[in-house]
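# Breakdown of the fold
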Amino acid sequence: MVRRRSKSSPRAKASKPRAAQPKAPEREANAAPAPRHRLRLWIAAGLAAVVVVAAGLGLDYLARGPSKAVDLQPEKLAFVGTDTCISCHQDQGTLWSPSQHAHAMAHANDETVFGDFDDATFDYYGTTSRFFKKDGKFYVETDGPDGTPDTFEVKYTFGLEPLQQYLIEFPDGRVQALTIAWDSRTKEEGGQRWFHLYPDEHVGHDDPLHWTKLNQNWNFMCAECHSTGVAKNYDPKTDRFHTTWKEISIGCEACHGEGSAHVAWAKTWSPFGKDDNAMGLLARFDERSGVTWTRDGPMGQPQRSTKPARLRKEVEMCGRCHARRGIISEAFVPGRPLSDSHQVSLIARGLYQPDGQMLDEVYNYGSFKQSKMFERGVTCSDCHDPHSAKLRAKGDQVCLQCHAGSYAEVSHTHHEGADAPTCVACHMPARKFMAIDVRHDHAFRVPRPGLSESLGVDNACTDCHTGKSSGWAAAAIEEWYGPERKGSQDFGPAFHAAWSGAPDAATLLAGVAAHEGTPAFARASALQELAAYPSRETATLVREGLADPDPLVRLAALDHLETVPPSQLWPLIAPLLDDPVRGVRIQTALLLAGTPSQGLSDRDRTRLAKAEEEFVAAQTLNADRPEARALLARYYARAGDLTKAEAEYRAALRLSPHFAPAAVNLADLYRQSGRDQDGVAVLREALEVSPDDGGLHYALGLALVRLKKPDEAAEELRMAAALEPGRARYAYVYAVGLESIGKRAEAIAVLEDSLKRHSGDRETLLALINFSRAAGDPAAALRYAEQLAAIEPENEDLKRLIATLKEELGR
């Protein structure tokens, strides 16, 4: 669920015992019944076979003959239920039963509800909510969709520790997550209380983050990762949900996939038959099988006995829920890349810090794929038991499974006593989300406090030494370990340059994108950022990226090509219509929409049509989201169907009037049709609900320019530049607008102020050169020209201009 960052207390255990959860017959679709033959029968049969096989028994096994091949086509498989799995896999079931996965979601009852519903109250910005029980059911009295107090039944619990949320079902099938949660830690740890997920800001009924609104919707935001076999079943015609699951919580088949083929294999298995390595499973999570780790070199660096596979099945499977991503298909198949069913968020402003540390709620996948641990072949279950989800060892011992004991000694840590930091404290710094939920960064960084000063990022040292500066910490690190202790994640300066508008941003990003030793996750992120810096070098990187082995890099390369006409794109990207990864295929289909069918072979038309069907299916799956409707509108616009495009943009705005990109793109669609007046109306309507959105003011200003209303346009552009000073383009366009109405001095002042924040912005410098010359100030023009020349030393036109300006000044 999308949540803002907030601060509170550290993580702890729940205070109530966990209980097995009942079924949900009203929502379960074709769930398998519990097996009649229980575990004890299997144990007894197995023991009998072991003891008396030599005496001629065990005839059932002998009679079976060779194992039969089973059909592993995912679309033909069926769920069998966790009880069926546990009937054989007792040890795994014992580990799973008390886990967070097993209790990810449950029906609300006396066994599952942790919160105080004994007529308890909670105050939040003037709204008093009351929690109570009636006739054995749980209720909350709080502000509803229109802000009016109402009473709602709590249908489900969500999670165990350190907090438990509560879900409320509405008549149209929507299930919404209440933003008042129960702190399930002990009282000594600050728990056993109600608290709000956004304690430091008022989230009212008209806010997208209100518990009744789009961004707290369980059907889209939460269901897939808290239940098994979820089908969202949203009907866009009626705007209703009929969401179903196979199991209410996370069961075996959430990770292993549908189990019917495995059960069929088990029923025909014989120790005397031909071995079937697949065992009827969609994927064998066997990446640790037969692998050993040895310690090499003076520091005992761990070395894996075999090279890790390019596709890391376990990491991709765990990433399904432990990643910042959006779903594009419910047909998740274990063993395939995450991008086959989900769109993964890369290192981007607002999500990560420039060096790749987590900033917003990005979970673990993206961080881990930046790490040297991932590169060397470490997988999730090396540290976490996959069934209990607990660490395989306590404290530092989980690290010392592979790393030499010398890493825990004072000679390495340079800290002594009871307060000495753990491995995790230094290499997996923690941050709080959802007010009290402490989570660790999984990039396994070497502490680099010097980057805090140069890049403005967090560092583990001053997390503990709060009274000391990052410079102090950097000096200590250098004294202990030497000046060259840089770590493997050295791409921070490139993202910092891009996000701060530094003149060397393009060069640094290109270096990251092109470096084979850089993690693919970071290379893809850098390539995506390079979309703002078109050049021949960038074009070369895009061409190379389209053929990269990693689907995230291929997707980042495709992001560069939306402005290229489909007819020109065909020779370049048509091969990706057959890409093995669905995410790549559908992005290719979007870009090739509108390709003239004349000249395409029958085979090519079929390939394109199939990929386009997949693209439309992905957006239809998410038709309850404005983002998907707007993306579908872009597809129809590229295909030339402007009527459907308009309808989809309108649908997006109905779903969320706050979704500004739909308003901006709809206004641009009207521009293409010569309907700027309609575009202005759309933008003004959007500004009524989002008055502080700089992008809306900017789009409105441009529309007013086209309608020849320069004064009104200048005011809107001024607002855009003021609201979003981080966008140099907004200030540049505002300055151009000022100059066009005779306010050149003001225009120059705006550009000079913007240049302080964006010293390498080419448009800003070019405008300052031209405006300064027009104002009769060749000295200022020369100063800005020389600043631009430092960025573009090979620009011959600029060299000639500098020579002309110097001649004018008599230099």
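Below is a summary of the structure that appears in this document.

Reading the values: rules and limits
- Residues numbered from 1 in each chain as written.
- Predicted model: local features only at pLDDT ≥ 70, side-chain atom pairs only at ≥ 80, totals over all residues.
- Heavy atoms only, no water.
- Axes fitted to C-alpha atoms, helices over the stretch in contact; angles between N-to-C directions.
- Helix = DSSP H or I, 4+ residues; strand = E, 2+ residues; numbered from the N terminus.
- Parallel < 35°, antiparallel > 145°, perpendicular 65-115°, else oblique.
- Left-handed = near helix turned anticlockwise from the far one by under 90°.
- Contact = heavy atoms within 4.5 Å.
- Pairing = 2+ DSSP bridges.
- Buried < 20%, exposed > 50% of the residue type's maximum accessible area, 1.4 Å probe, protein only.
- Expected span 1.5 Å × (residues − 1).
- Arc of directions from axis to C-beta.
- Phe/Tyr/Trp six-rings, centres within 6.5 Å; stacked < 30°, edge-to-face > 60°.
- Lys NZ or Arg CZ within 6 Å of the ring centre and 35° of its normal.
- Core = buried A, V, L, I, M, F, W, Y, C linked by side-chain atoms within 4.5 Å.

So, about the packing of helix 28 (residues 642-655) against helix 29 (residues 660-672). The axes of two packed helices give the description: the angle between them and the distance between them. Between helix 28 and helix 29, whose axes approach to 9 Å, the crossing angle comes to 155°. Here helix 28 lies roughly antiparallel to helix 29, going by the angle between them. The handedness of the crossing between helix 28 and helix 29 is left-handed. Listed contacts from helix 29 to Leu642, Ala645, Glu646, Tyr649, Arg650, Ala652 and Leu653 of helix 28 are Ala662, Ala663, Asn665, Leu666, Leu669 and Tyr670.

As judged from the five bridges shared by strand 2 (residues 120-124) and strand 3 (residues 127-134), these two strands associate in the antiparallel manner. Looking at the pairing, Thr121 lines up with Arg130 of strand 3. What sits between the antiparallel neighbours strand 2 and strand 3 is a turn of two residues, in which Tyr125 has the positive phi angle 45°. Note: strand 3 against strand 4 (residues 137-143), five bridges, orientation antiparallel. Within strand 4, the position partnered with Lys134 by the bridge is Lys137. In this antiparallel pair of consecutive strands, strand 3 and strand 4, the connection spans two residues, and Asp135 shows a positive phi of 55°.

The alternating pattern of strand 17 (residues 430-433) places Arg431 and Phe433 on a buried face and Ala430 and Lys432 on a face that is not buried. For strand 17 and strand 18 (residues 437-440), the ladder comprises four bridges, and the chain directions are antiparallel. Opposite Arg431, over in strand 18, you have Arg439 as the bridge partner. Linkage of strand 17 to strand 18, two consecutive antiparallel strands, is achieved through a turn of three residues, within which Met434 is found at a positive phi near 55°.

Between the first and last C-alpha of helix 30 (residues 676-689) there are 21 Å, a value that for 14 residues agrees with the 20 Å anticipated at 1.5 Å per step. Among the residues making up helix 30, those that are buried are Asp676, Gly679, Val680, Val682, Leu683, Ala686 and Leu687. Considered in projection along helix 30, the buried side chains sweep an arc of 160° and stay on one side of the axis. Exposed residues pointing more than 90 degrees away from the buried face of helix 30 are listed as Glu685 and Glu688. Looking at the buried positions of helix 30, the neighbouring elements they touch are helix 28, helix 29, helix 31 (694-706) and helix 32 (710-723).

The strand order across the open sheet formed by four strands is 2-3-4-5, and the pairing between neighbours is antiparallel. Only two strands of the sheet have a single neighbouring strand rather than two, namely strand 2 and strand 5 (149-154). Shown here is a sheet whose adjacent strand axes are inclined to one another by a mean of 20°, direction ignored.

Here we come to the packing of aromatic side chains. Applying the stated criterion across every chain, the model contains 24 aromatic pairs. For the ring pair Phe368 and Phe374, a centre distance of 5.7 Å and an interplane angle of 75° mean the geometry is edge-to-face. Judged on exposure class, the residue Phe368 and its partner Phe374 are both buried. With 6.2 Å between their ring centres and 75° between their planes, Phe368 and Phe444 make a pair best called edge-to-face. Taken together, the residues Phe368 in helix 10 (residues 365-368) and Phe444 in the loop between strand 18 and helix 16 (450-455) connect sequence positions 76 residues apart. Pairwise contacts between aromatic rings join Phe117, Phe131, Phe138, Tyr166, Trp182 and Trp194 into one cluster. Its end group placed over the ring of Phe132, Arg130 keeps NZ or CZ at 4.1 Å from the ring centre.

We now examine the nonpolar core. Counting residues in hydrophobic clusters, the biggest one holds 95 residues, and the most contacted among them are Ile347, Leu527, Leu558, Leu561, Ile573 and Phe615. In terms of residues, this core owes the most to one element, helix 29, which gives seven residues. With near-sequence residues (within four places) excluded, Phe615 lies in contact with Ile586, Ala589, Leu590, Leu631, Leu632 and Tyr635.

Outside of glycine, negative phi angles account for most residues, and trans bonds account for most peptide bonds. A cis amide bond links Glu161 with the next residue in sequence, Pro162, at an omega value of 0°. Tracing the chain through its elements places Pro162 in the loop between strand 6 (156-158) and strand 7 (163-169). Phi at Asp119 is positive, roughly 60°, even though this residue is not glycine. Examined against the element boundaries, Asp119 turns out to sit in the loop between strand 1 (105-107) and strand 2. Phi at Phe444 is positive, roughly 50°, even though this residue is not glycine.

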